[in-house]
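Below are the chains, spelled out letter by letter.
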Amino acid sequence: MISQFFILSSKGDPLIYKDFRGDSGGRDVAELFYRKLTGLPGDESPVVMHHEGRHFIHIRHSGLYLVVTTSENVSPFGLLELLSRLATLLGDYCGSLGEGTISRNVALVYELLDEVLDYGYVQTTSTEMLRNFIQTEAVVSKPFSLFDLSSVGLFGAETQQSKVAPSSAASRPVLSSRSDQSQKNEVFLDVVERLSVLIASNGSLLKVDVQGEIRLKSFLPSGSEMRIGLTEEFCVGKSELRVSLFPGYGPGIRVDEVSFHSFVNLDEFESHRILRLQPPQGELTVMRYQLSDDLPSPLPFRLFPSVQWDRGSGRLQVYLKLRCDLPLKSQALNVRLHLPLPRGVISLSQELSSPEQKAELAEGALRWDLPRVQGGSQLSGLFQMDVPRPPGLPSHGLSTSAPPLGLGPASLSFELPRHTCSGLQVRFLRLAFRPCGNANPHKWVRHLSHSDAYVIRI
Amino acid sequence: MSQKKRQKPVVWVEQILLKMLPHQDEEEPASYRGSSGSCPGTVRKMPYLGSEDVVKELKKALCNPHIQADRLRYRNVIQRVIRYMTQGLDMSGVFMEMVKASATVDIVQKKLVYLYMCTYAPLKPDLALLAINTLCKDCSDPNPMVRGLALRSMCSLRMSKLDQWGQAEVLNFLLRYQPRSEEELFDILNLLDSFLKSGSPGVVMGATKLFLILAKKFPHVQTDVLVRVKGPLLAACSSESRELCFVALCHVRQILHSLPGHFSSHYKKFFCSYSEPHYIKLQKVEVLCELVNDENVQQVLEELRGYCTDVSADFAQAAIFAIGSIARTYTDQCVQILTELLGLRQEHITTVVVQTFRDLVWLCPQCTEAVCQALPGCEENIQDSEGKQALIWLLGVHGERIPNAPYVLEDFVENVKSETFPAVKMELLTALLRLFLSRPAECQDMLGRLLYYCIEEEKDMAVRDRGLFYYRLLLVGIDEVKRILCSPKSDPTLGLLEDPAERPVNSWASDFNTLVPVYGKSRWATISKCHGAERCGPELPKTSSFAASGPLIPEENKERVQEVPDSGALMLVPNLQLTADYFEKTWLSLKVAHQQVLPWQGEFHPDTLQMALQVVNIQTIAMSRAGARPWKAYLSAQDDTGCLFLTELLWKPENSEMQISVKQNETRTETLKSFISVLETVIGTIEEIKS
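- The name an unreviewed UniProt entry assigns to chain B is AP complex subunit beta, from the organism Sapajus apella.
- Chain B has a UniProt comment under Sequence similarities (unreviewed entry) that states "Belongs to the adaptor complexes large subunit family."
- Reading the Subcellular location (unreviewed entry) entry of the UniProt record for chain B gives the comment "Golgi apparatus, trans-Golgi network membrane".

- The name given to chain A in an unreviewed UniProt entry is AP-4 complex subunit mu-1, and the organism recorded there is Sapajus apella.
- Quoted verbatim from the Sequence similarities (unreviewed entry) field of UniProt, the annotation for chain A is "Belongs to the adaptor complexes medium subunit family."

## Things to note about the overall build of chain B
- Secondary structure summary: chain B contains 35 helices and 5 strands in total.
- By residue count, 49% of the 691 residues in chain B fall in the buried class.
- Of the contacts made within chain B by residues no fewer than 6 positions apart, 65% connect residues no fewer than 24 positions apart.
- Summed over its atoms, the accessible surface of chain B is roughly 33,600 Å², and 54% of this surface lies on carbon and sulfur atoms.

## With respect to the overall build of chain A
- Across its full length, chain A holds 6 helices and 25 strands.
- Across chain A, contacts joining residues at least 24 apart in sequence account for 69% of those joining residues at least 6 apart.
- Carbon and sulfur atoms make up 50% of the accessible area of chain A, which totals about 19,300 Å².

## Describing the pattern of salt bridges
- Taken as a whole and assessed by the stated rule, the structure comprises 44 salt bridges over all chains.
- For the salt bridge of A:Glu213 with A:Arg288, the shortest nitrogen-to-oxygen distance reads 2.8 Å. Note that A:Glu213 is positioned in strand S9 (residues 205-218) and A:Arg288 in strand S15 (residues 282-292), a separation of 75 residues in sequence.
- The salt bridge partner of B:Arg668 is B:Asp639, with a shortest N-O separation of 4.0 Å.

## Looking at the sheet that holds strand S10 (residues 226-230) of chain A
Residue and element names in this part refer to chain A.
- Taken together, the 3 strands give an open sheet; going across it, the order is S14-S10-S24, and neighbouring strands pair in antiparallel fashion. Sheet topology places strand S14 (274-277) and strand S24 (426-431) at the edges, where each strand pairs with a single neighbour. Within this sheet the neighbouring strands show an average axis-to-axis angle of 15°, counted without direction.
- With 5 bridges connecting them, S10 and S24 associate as antiparallel partners. From the neighbouring strand, arginine 227 faces S24, where its bridge partner is arginine 430.

## Notes on the nonpolar core
- Within the largest apolar cluster, 159 residues are counted, with the highest numbers of intra-cluster contacts made by B:Phe270 and B:Phe357.
- With 11 residues, helix H2 (residues 76-94) of chain A is the single largest residue contributor to this core.
- Counting residues in hydrophobic clusters, the runner-up holds 40 residues, among them A:Leu322, A:Phe383, A:Ala410 and A:Phe414.

## Things to note about the interface of chain A and chain B
- Counting residues at the interface gives 74 residues for chain A, matched by 65 residues for chain B.
- Where chain A meets chain B, there are 5 salt bridges.
- The shortest N-O distance in the salt bridge between B:Glu240 and A:Arg194 comes to 3.8 Å.
- Remark: the boundary between chain A and chain B carries 14 residue pairs in polar contact (both at pLDDT 80 or more).
- Sort the elements by how many residues they give to the side of chain A that touches chain B and H2(A) lands first, with 7 residues.
- Across the side of chain A that touches chain B, the residue classes break down as 27 nonpolar, 24 polar and 23 charged.

## What to know about the confidence of the model for chain A
All names here are of chain A.
- Here chain A averages 81 in pLDDT, and 82% of its residues register 70 or above.
- Low pLDDT, under 50, characterises residues 242-249; the predicted model gives this stretch 15 contacts beyond four residues in sequence or across chains.
- When the criterion is pLDDT under 50, residues 394-400 qualifies, and its contacts beyond four places in sequence or with other chains add up to 6 contacts.

## Section: the pairing of strand S18 (residues 331-340) of chain A
Residue and element names in this part refer to chain A.
- Among the 10 residues of S18, 7 are classified as buried, and the element is accordingly described as predominantly covered.
- In terms of strand pairing, S18 meets strand S21 (residues 365-374) through 9 bridges, oriented antiparallel. If you follow leucine 333 over to S21, its bridge partner there is arginine 372.
- Looking at chain direction, S18 and strand S23 (residues 410-417) are connected through 4 bridges and run antiparallel. The residue of S23 that forms the bridge with histidine 338 is serine 411.

## Observations concerning the packing of aromatic side chains
- With the rule as written, the count across this model stands at 28 aromatic pairs over all chains.
- Judged by centre distance (5.7 Å) and plane angle (40°), the ring pair of A:Phe33 and A:Phe56 falls under tilted. Pair noted here: A:Phe33 is in helix H1 (residues 28-38) and A:Phe56 is in strand S4 (residues 54-61), with a separation of 23 residues, a long-range link.
- Taking the relative accessible area as the measure of exposure, A:Phe33 reaches 0% and is therefore buried.
- Centre to centre, the rings of B:Tyr116 and B:Tyr120 are 5.0 Å apart; their planes meet at 50°, and the pair counts as tilted. Here B:Tyr120 and B:Tyr116 lie together in helix H7 (residues 107-120), a separation of 4 residues that amounts to about one turn. Considered together, B:Tyr116 and B:Tyr120 belong to a single accessibility category, that of buried residues.
- Three or more aromatic residues link up through ring pairs in this structure, and these residues are A:Phe6, A:Tyr17, A:Phe33, A:Tyr34, A:Phe56 and A:Tyr65.

## Here's the deal with the side chain of A:Thr124
- Mapped onto the secondary structure, A:Thr124 falls in the loop between strand S7 (121-122) and helix H5 (127-131).
- A polar atom in the side chain of A:Thr124 sits 3.1 Å from the backbone nitrogen of A:Ser126.
- For A:Thr124, the residues in contact, after removing those within four places along its chain, are A:Glu115, A:Val116, A:Met129, A:Leu130 and B:Asp163.

## Overview of the sheet that holds strand S1 (residues 4-8) of chain A
Residues and elements named next belong to chain A.
- Spatial strand order, S2-S1-S5-S4-S3: 5 strands in an open sheet with antiparallel pairing. Since the sheet does not close on itself, it has two edges, and those belong to strand S2 (14-19) and strand S3 (48-51), each with one partner. Within this sheet the neighbouring strands show an average axis-to-axis angle of 20°, counted without direction.
- Pairing analysis gives 5 bridges linking S1 to S2, with the strands arranged antiparallel. Its bridge partner being in S2, isoleucine 7 is matched across the sheet by isoleucine 16.
- Lying over the sheet, helix H4 (residues 106-116) contacts S1 and S2, oriented at roughly 30° with respect to S2.

## A word on the environment of B:Glu584
- Residue placement: B:Glu584 occurs in helix H33 (residues 580-589).
- Sequence spacing of B:Glu584 and B:Ile621 is 37 residues, and the spatial spacing of their C-alpha atoms is 9.7 Å.

The rules behind these values
- Residues numbered from 1 in each chain as written.
- Chains lettered and ligands numbered in written order.
- Predicted model: local features only at pLDDT ≥ 70, side-chain atom pairs only at ≥ 80, totals over all residues.
- Heavy atoms only, no water.
- UniProt positions renumbered as here; feature names shortened; annotations may be inferred.
- Helix = DSSP H or I, 4+ residues; strand = E, 2+ residues; numbered from the N terminus.
- Buried < 20%, exposed > 50% of the residue type's maximum accessible area, 1.4 Å probe, protein only.
- Contact = heavy atoms within 4.5 Å.
- Areas by Shrake-Rupley, 256 points an atom, 1.4 Å probe, with all protein chains shown as cover.
- Salt bridge = Lys/Arg side-chain N within 4 Å of Asp/Glu carboxyl O.
- Pairing = 2+ DSSP bridges.
- Axes fitted to C-alpha atoms, helices over the stretch in contact; angles between N-to-C directions.
- Core = buried A, V, L, I, M, F, W, Y, C linked by side-chain atoms within 4.5 Å.
- Polar contact = N/O pair within 3.5 Å; in protein donor to acceptor, adjacent residues only side chain to side chain.
- Nonpolar A, V, L, I, M, F, W, Y, C, P; charged D, E, K, R; others polar.
- pLDDT = per-residue confidence, 0-100.
- Phe/Tyr/Trp six-rings, centres within 6.5 Å; stacked < 30°, edge-to-face > 60°.

This is the structure in structure tokens:
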């Protein structure tokens, strides 16, 4: 059970503090926590810390520290799950989670905590149940407008109507049970994949890992039923390869493992790959899946580096060729290449293949920014640097072909809008919801892949 | 199953369980039972639209006061509702009206309404609360039939479906339950199976722990559960949440202690990515060390090698130490990588490589030659105390194989005045004296200078005393110096004793899904000690003193082990084959040459002891099964001169001590002493590990 819960800003200022059992310390534990956290030696984990019979367990979320203390030897999995559920809940009710939203909605947060935890025991964390008890309305910084295009997200999603979903529309609070609900009948469905890749220096692929999630954020009245149709060729497990229902449409979409939220009804999953559910308002992860090793499509990026290193003069020349293997119509956004450099590198001269790119030295690494990379295109950069010779090192030393210490591995970060690496797509999202009045519910379906760790050894 | 023996909480637990379980009788695709079983939507079989008109009409009828007044007509309408319900139409819309209909004296009508309520209560939990009122009232009805009916209905209201928090809580509570029979145990396990597939990591881990604890006598069930939890754990290890990832990694390490091969095929999941925080990278490196096997060793070493040149010196050093620990099994490959790293001539790398070499030659003497060849030139890139100590130790112990050893040590002697670390000076004294024994001509002069400096000019008392000690030792004569300083140069058994492989699952099952694996066992011990001592004094000095005493312990151990073979040069032959008959005959014919008692607390695992003894070439002839009281074991060993040692271990739990009786076929007190001390060391180590 939980003794205390508090939220700290990234600078350690307490935003929320609640004592559930009155059995330990006082408000200064928040300060104590922050002092312990910042004074921790590098090799120790801050996730669980101990001080005088009290355990601090925390997560970092949106720049905030969400911390619980307990004196019992509790289940760490359960507590971490609770903390991330709390983060989602607070996001649901305050619109989004951040220092600003929390401090604007202190009353609401305390009200929520009162209902979620009683004497340190979890009562309920369901957005739906809680709506019955929460009286405070969320304070939002500015009114939301669906067509406020000034805040269009980085990846505007295409739906059947080819509209653009303003990103802020998804970050508004769920409505309390008393307010008028006919206004904002919207539902957001995101298929998000995290890609982690490791490529050896000879170009061979050492590891591919895709972690996928289907996330749903619903503002429809609770209990309205919806059906999510997935790619028909979707199959689970290594052995089963589902025969395509449409011959000639390529192989099946396969994942290794899949798990569903307990709300999901799978009656139609076997036969038609349809998920049925009656989601409560708020955010929900409908499905999680993993895929490793064989990807149906080629990797989005290949990097061809060549390094010339003259140990005598300390001149280091790195030529990087980046090829984007996405389909021609697709593009990658916010591509950044990060290449750690030998210690003490000074001066950089660069020749880049297009003017919108940027490259600079930052924190002992080369940072090459490519705001937009079209599928099928090839970009290159030539970088020249001076590496000071470490004192005491004989200049004849080792052969000059070996790359200098501290160079590489290169890592890429990027976003791939409208692209899933596994190939999984949402075919349709159907609502069995009868709108009150004229307002048809808006449905936003988005697909996105982004890099988790995309590492290329040099 | 007799109701009498059952205690109250157990009944409660079973009821809760019943409520938690997915209802198997409902139609669901078999393969996804676990995830959809608790979904309220499964009751309905009709398309979700339609039946509206019927509901509207029935609603009207139920509300009609004329119908309500006519008992038969009212009952008829209710019957129609039930009929539609049975056909699969969604009748939840009239719940309110039906609850009202339950307040009647007509028992038939009551029964019908209760049937309806039990079906739809899960869909309308808030309205079902209203029904509870009526049910409670009925429970005090004078008519026993009404009372019984109400009670039964209340029990089958499946509205309190437990959410994940409730499930985790109940799973935790169930840990206290002792199944009365094997049959019951497997019934429980079967019922709980679906929780292993839950989407919530807390529930999955809670269920796993319960399985491990309940099946403590069925290792194959435990292994099976750990196989099934592999997927969820690996998913948590690559979770977006770093905190969850860390906790999962700690648990992976815990499992690896018992099942070393468990995650070997998933080794790539534990490769680090540059953006991860330090503490996750360190855990992953530890995991990689533990899951290495013949198939993946090449790839794992390549990966670790990449980390050795990481920008973060701490991480690079951790990777080098990791390669060092893999080197205990895959010596040649690792030594080659480590040697290549020396070529980079980086201080922070060289120092750790040399320390790794020092530890390695002690455990794996076969790599001594390769290490000695790699050492020349290292001294240029070592500045810190630890690295210098390691290098000096290596030069002292293996100096006869390193041509320029005396000259490197001479450099250290020249600069001893400016040396800041007393530990380095101590090491230098010992190393030089050792090298003097094998290469006297080259060392005599500088040894004299060093001793002079240490005795006459040194300010540090420990160094001075050590200098004086060696000086007096030299006065006694060179043979005495040899006897004291020329200890063995390696001890392969130490490594195996340090990490006894494959600890039984039961040794940590109760720690699973708690904070213990997250803190690590040793830190947890200090934490619970601090906690138990009721916050005696400020904590910070306590931890710092612990940290300071940390490195001392292994050093003491080392010396103890060093001294053991010293005194008698005992060499036990491996693979001694002795039949039980022969043992018995010999045992009976001999007298006890030595008997002593060692402290021994609590339970232990005989297999661990047997394995540890095997390592030092003491064979186990026979022993009682685990848990027997008193517990006995018979051991045999033979040294290289043919002297037999027969031993009886007798453990009496009531005295918490282990009695050792040794018999010898030739009376030789010197070797007997050595044998006893070897035995003591092994038993002492096991006792330490256990606690």
